[in-house]
Amino acid sequence: MRKRDLLLSTIGLLVFWQLAALIISKAVLPAPHEVLRAFVLALPQELGIHMLVSAWRVAASIGLAIVCAVPIGLSLGLSPTANRLAAPLIYLLYPIPKIVFLPIILLLLGIGNLSKIVVISLVLFFQMLVVVRDEASSLRPELIASVRSLGAGRKALFRYVYLPACLPAVLTSLRVSIGTAVAVLFFAESFATTSGLGYYIIIETWGRLDYAGMYAGVVAMSLLGLVLYFAVDSIQQRMCPWLEAN
């Protein structure tokens, strides 16, 4: 996406927001400049702290999901027997909204960071697992055989065949699921916690009818999602340059 297109979209969104604020003319929808002022004032203080906490939780969740899902997905994709045994369980668990497990996870792991990281990782895990498994299983046998004929062992196959073939799919699934991960984070932080952007939006601002501060929290969570999205996009450009060349 070109920077010019992104800038024009942002300007269009702000113009629409300003017009909506003028038409509604109520405190529940402050103008963009009021929200920007609240954002700038709160960012060096509590808003910045909550934003860092949320960013840490999402980053840890992504790392945990990648570490768990990629090896398992590769193993299932390269072993028809293992895939046949695991497929019914994946088929059963994949459609279930993972957020429903949050109360159980809170009971088992407490209300700290670990429970929130685990529930977000669950969302990402199954999406990555299915994508990596399908991508690995679609590798042509003759390609693998040709690399093996050159003397490549398991490590070389993983580094030069399996990983490059599956990496674009992993990054694509991650980029698609970032919005879901941030939404789950917001829900997980909206109760049974004292930190994070979800807590800031629901408890610190919405609960005190501080509408400008509430929208500033929404902007902060939106920026968190955008930064993660563009970070994954940048990683894909660096690690999968052949995709950009096509």
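What counts as what
Residues numbered from 1 in each chain as written. Predicted model: local features only at pLDDT ≥ 70, side-chain atom pairs only at ≥ 80, totals over all residues. Heavy atoms only, no water. pLDDT = per-residue confidence, 0-100. Helix = DSSP H or I, 4+ residues; strand = E, 2+ residues; numbered from the N terminus. Patch = residues over 30% accessible without salt bridge, like charges linked within 9 Å, V, L, I, M, F, W, Y side chains within 5 Å. Areas by Shrake-Rupley, 256 points an atom, 1.4 Å probe, with all protein chains shown as cover. Salt bridge = Lys/Arg side-chain N within 4 Å of Asp/Glu carboxyl O. Buried < 20%, exposed > 50% of the residue type's maximum accessible area, 1.4 Å probe, protein only.

Novice: Is there a simple way to think about the confidence of the model for the protein chain in this case?
Specialist: Regions with low pLDDT carry predicted coordinates that are not meant to be interpreted in detail. Model confidence for the protein chain is summarised by a mean pLDDT of 85, while 93% of its residues fall at 70 or above. The lowest-confidence element of the protein chain is helix α10 (residues 241-245), averaging 62 in pLDDT; the highest-confidence one is helix α8 (residues 197-205), averaging 92.

Novice: Help me out: how do you make sense of a nonpolar patch on the surface in this one?
Specialist: Together, L7, L8, I11, V15, L19, L22, I23, I24 and V28 make up a nonpolar patch on the protein surface, roughly 860 Å² of accessible area in all. Residue position: L7 is located in helix α1 (residues 3-24). Under the relative-accessibility criterion, L7 is labelled exposed at 52%.

Novice: Would you explain the pattern of salt bridges in this entry?
Specialist: Any two side chains of opposite charge can pair, so long as their charged atoms come close to each other. Going through the model one piece at a time under the given rule, you end up with three salt bridges. Residue E189 is joined to R57 by a salt bridge in which the shortest nitrogen-to-oxygen separation is 2.7 Å. Residue E189 is found in helix α7 (residues 154-189), and its partner R57 is found in helix α2 (residues 32-78); the two are separated by 132 residues along the sequence. Like R57, E189 is buried.

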